[in-house]
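# Overview (structure and organization)
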Amino acid sequence: MKKSAKPKIGGGAKKILYTLQTASRIGLRQSAKALTSRNTCKACGLGMGGQKGGMTNEQGDFPSVCNKSVQAQSTDAQRPIPLEVFEHSLTEIGELSAHQLEHLGRLNTPLFKAKDSQKFTPVDWTWAIKTAAYHFAKTLPERSFFYASGRSSNEAGFVLQLLARIYGTNNVNNCSYYCHQATGVGLAGTIGVGTATVELSDLDGCDCIFVIGANPASNHPRFIHKLQACRARGGRVIIINPAKEPGLVRFARPKSAKSLIIGGDEIASHYIQPKIGSDIALLKGIAKDVIERGKEADEFISNHTESYVEFLSDIKNTPWSDIEKITGLSRDIIKSIGMVYGDSENTVFAWGMGVTHHKHGVANVEYISNIALLRGMIAKRYSGLLPLRGHSNVQGIGTIGVKPVLANSIIQNIKNHLDIDLPSSEDSPGLDTLACIEAADRGNIDAALIMGGNLYQATPSESWTREAFDKIPLKVFLTTTLNRGHISGLDNSEAIILPVAARDEERQATTQESMFNYVRMSDGGIYRLDNVRSEVDILTNFADLLLDQRAKDGNIEKKFDFKVFEKHKNIREAIAATVPGMEKLKSIDVAKTEFHISRRLIHTPTFLRPSGKARFITSPISSTDNDKIFPYRLMSVRSEGQFNSIIYEEQDSYRGIDQRWSVMMNARQISRLGIQEGQLVNIISAHGRMEAVKVYMFDLPDGDLMAYYPEANILTGLDRDVRSKTPAFKSVPVNIQIDSTQLASQKS
């Protein structure tokens, strides 16, 4: 008799072994030093470390560490890339996989790629920064853009955005436009704050947690501990995700012997799998059931919200048949979720990019807010909204102004504190992230400064992006390691790549903000490489040379002396004086007291909207119908062995998939296609093709497919949410092509 396959789980012994192997490769002493130093974790936005110590969170929990932390340390602790590597052509280097590129080592010398060359040339720091500054000085500011990833510090981000604006452009943007920008826009309109309304300790008192469009088992492992704790005290965890992720069904917590022995703890009490893109219909269904049961919070709605009448009318007029058809779920399944929610005393709603990566991403977020308001689950302890942020300071980068549009109050504060004028929105409207790449494609960008991240691979429509990047005459990158974004789109253009110090290598303290609005301070201080510089050091040096050159060329007075910001303390004082809520940053050097940004946590029913009330926002249900040419819908996802676009492992141990060039679909779909698991197919969209992709069986709704990001970006077009400008990475119409020649060769 054939043995049944052992069910897949998240966490467990394999993660313990992986962590030990990675730590051993780094060196146990070096690993311990990196993980216990007073520096903020470099991985997800959940946050740990800072002044409480490297493996301690704001509640004092120790050890608060996960394999993502170890993975992030592993690449920073690498030896320098041998200079002999740069004797190879870009074509040869481009043959390496993303994993191999990341593991070449740390960049320890500035590089230059000339327009007529196909190789990198190591150069010295003085030449590199002077050349970059001279090129920008000769460029019209509106023909440039400045970009920052979430790995940079608040200090570096503030200098970057101020530099860009003093230079003369509001083309300042960050990676959140490709992830949680829809969250910021959606929440700002409903509750007046675009970030989490809860703090970490609120998760210890709730009796119900919704996890919508996210896979924290892989992307926020320490959040799983909070989900398990909720279950342990009798609470409910409701997972809403088209994909049945093993780590959200059961997760073996590495620091719990019992959890390891019994094969993991049950995480989901309810696991709901709607069709891709049907979030609004499902959320309306939950609201409909709550209302039909009479479980709405009438007094809260009456006293603290507005526009409920329109919302209620829409819910009542939405037929259950439409909800069932669009979601692919029965009324009984949806009502079972409504019943659990209706009986809850304290609920937290958490969500990820499965919510925001759609053309209706903002509306998705608004409806999460709607159902929270419906039962008064905002504005009290142990309840509220929790967007699961990806990078460790992606939220902070937005807070301190790395975005095209600054609030008028911040502009005025900067003018008063620094005695400088910034360009108005009329002079420089400011382009979002994707709009900057589109401007490049039109030939309207002459220079770009890209601080951290992998903007090239993060951008949809890979072939189009490559051409757009190559139309930018000079790109200046600040990075710790090489990725595909540094070697692509360079056939006919130039690039300068500058090696930066990692967070824990900084010579002066820096600060970061978690997804709970908690600001930590990192001491830095670890020495690894002899020729890297801090981002602030690079930016202030570049800024002074740039502004000197522009003053000389224009025969005008230099607008601002960035040398004052060579001391990070001065930057923090400027942030504290100009960014509302960050006032405590001024004294963090002395007091060593980390803090929550003021007026963001909502534990009382006071909302930062003009009326002082929260707002229900009504939208139509989005259709999930596909056309005959592209009858399937594909979403791109990250593997367990990656962080954002960084690939640490080629295999996905949680899903049991051994390669990244793959597509996942359910068993019924495989059978209908007349193929078997493991066979090769082509995936086609209106924008590109993935050839000879290996098929894997995975629990998904009929007609829905899943593939890995960023590989699947070749299929993704430029469709986006019109309000947040976030691309629709998780709702791509595709078709499956079965190559009979390939099929025959596989059978033979």
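These remarks concern the structure in this document. Model, not experiment: these values are computed from the prediction.

### Comments concerning the sheet that holds strand β14 (residues 447-451)
Pairing is mixed in the open sheet, where seven strands are placed in the order β3-β2-β16-β15-β14-β4-β5. Looking at which strands have only one partner, the edges of the open sheet turn out to be β3 (121-122) and β5 (172-174). Strand direction decides the pairing type here: strand β4 (residues 144-148) and β5, joined by three bridges, are parallel. Note that in β5 the partner of Ala148 across the bridge is Asn174. Packed onto the sheet, helix α25 (residues 535-554) meets β14, β15 (474-479) and β16 (494-499) and runs at close to 160° relative to β14.

### Topic: the pairing of strand β26 (residues 689-697)
Both faces of the sheet carry side chains from a regular strand, because those side chains alternate between them. Where strand β24 (residues 662-665) lies against β26, four bridges are found, and the strand directions are parallel. Bridging across to β26, Ser662 finds its partner in Lys694. As judged from the four bridges shared by strand β25 (residues 680-684) and β26, these two strands associate in the antiparallel manner. If you follow Val681 over to β26, its bridge partner there is Val693.

### Quick word on the pattern of salt bridges
In total, this model carries 39 salt bridges according to the counting rule given. Glu292 serves as the salt-bridge partner of Lys335, at 3.7 Å between the closest nitrogen and oxygen. Here Lys335 is found in helix α17 (residues 331-343), whereas its partner Glu292 is found in helix α13 (residues 279-292), with 43 residues between them in sequence. Arg723 is paired through a salt bridge with Glu366; the nearest N and O atoms lie 2.7 Å apart. Here the residue Arg723 occupies a position in the loop between β27 (704-708) and β28 (732-737), and Glu366 occupies one in helix α19 (residues 361-374), the gap between them amounting to 357 residues. Each member of the salt-bridge network shares a partner with another, and the members are Lys42, Asp76, Arg106, Asp504, Glu505 and Arg528.

### What about the packing of helix α6 (residues 125-137) against α25?
The N-to-C vectors of α6 and α25 enclose an angle of 45°; their axes lie 8 Å apart at closest approach. Considering their axes alone, α6 and α25 lie oblique with respect to each other. The chirality of how α6 crosses α25 is right-handed. Of the residues in α25, those in contact with Trp125, Ile129, Lys130, Ala132, Ala133, Tyr134, Phe136 and Ala137 of α6 are Ile538, Asn541, Phe542, Leu545, Leu546, Gln549 and Arg550. Broken down by class, the residue content of the contact of α6 with α25 amounts to eleven nonpolar, two polar and two charged.

Definitions and limits used
- Residues numbered from 1 in each chain as written.
- Predicted model: local features only at pLDDT ≥ 70, side-chain atom pairs only at ≥ 80, totals over all residues.
- Heavy atoms only, no water.
- Pairing = 2+ DSSP bridges.
- Helix = DSSP H or I, 4+ residues; strand = E, 2+ residues; numbered from the N terminus.
- Contact = heavy atoms within 4.5 Å.
- Axes fitted to C-alpha atoms, helices over the stretch in contact; angles between N-to-C directions.
- Salt bridge = Lys/Arg side-chain N within 4 Å of Asp/Glu carboxyl O.
- Parallel < 35°, antiparallel > 145°, perpendicular 65-115°, else oblique.
- Left-handed = near helix turned anticlockwise from the far one by under 90°.
- Nonpolar A, V, L, I, M, F, W, Y, C, P; charged D, E, K, R; others polar.

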